[in-house]
Amino acid sequence: MKSSETNTWPELAIGLYDKLTGRGAKITYEMDDLRVAVPAGTSDAAPRAEWVVNGTVRISTSDQTANA
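Thresholds applied
- Residues numbered from 1 in each chain as written.
- Predicted model: local features only at pLDDT ≥ 70, side-chain atom pairs only at ≥ 80, totals over all residues.
- Heavy atoms only, no water.
- Helix = DSSP H or I, 4+ residues; strand = E, 2+ residues; numbered from the N terminus.
- Buried < 20%, exposed > 50% of the residue type's maximum accessible area, 1.4 Å probe, protein only.
- Contact = heavy atoms within 4.5 Å.
- Areas by Shrake-Rupley, 256 points an atom, 1.4 Å probe, with all protein chains shown as cover.
- Salt bridge = Lys/Arg side-chain N within 4 Å of Asp/Glu carboxyl O.

Digging into the overall build of the protein chain
Here is step 1 of the chain: A count of helical and extended segments in the protein chain gives one helix and two strands.
Here is step 2 of the chain: N-terminal to C-terminal, the α/β element order of the protein chain is α-β-β.
Here is step 3 of the chain: Taking all 68 residues of the protein chain together, the buried fraction comes to 9%.
Here is step 4 of the chain: Sequence-distant contacts in the protein chain: of pairs separated by 6 or more residues, those separated by 24 or more amount to 48%.
Here is step 5 of the chain: For the protein chain, the accessible surface area stands at approximately 5900 Å², while carbon and sulfur atoms represent 54% of it.

Listed below in structure tokens is the structure:
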């Protein structure tokens, strides 16, 4: 039986992109002084490490297949 759970960060990113864009939209994020609690594992009780980015993080993407 194949699991539909996400087990890795790349799977999460791919799944999120596919879900949100429908292959024709654009995703743009801009975050200032970002703080992220990153889990050490996939369980709810996994310890967290705080990652801090002082400044601005910009993520922008598009899908060229929509223009083909």
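Regarding the pattern of salt bridges
Here is step 1 of the chain: The final tally for this structure, using the stated rule, is two salt bridges.
Here is step 2 of the chain: Close ionic contact of Arg58 with Glu30 constitutes a salt bridge, the shortest N to O distance being 3.5 Å. Remark: Glu30 occurs in strand S1 (residues 27-39) and Arg58 occurs in strand S2 (residues 48-61); sequence separation between them is 28 residues.
Here is step 3 of the chain: Accessibility expressed as a relative area gives 61% for Arg58, which makes it exposed.
Here is step 4 of the chain: Assessed through its relative accessible area of 52%, Glu30 is described here as exposed.

Details of the environment of Thr61
Here is step 1 of the chain: With respect to the element layout, Thr61 can be found in strand S2.
Here is step 2 of the chain: Overall, the relative accessible area of 27% leaves Thr61 in the partly exposed class.
Here is step 3 of the chain: In the structure, Thr61 is positioned 44 residues away from Tyr17 in sequence and 9.4 Å away in space, judged by C-alpha atoms.

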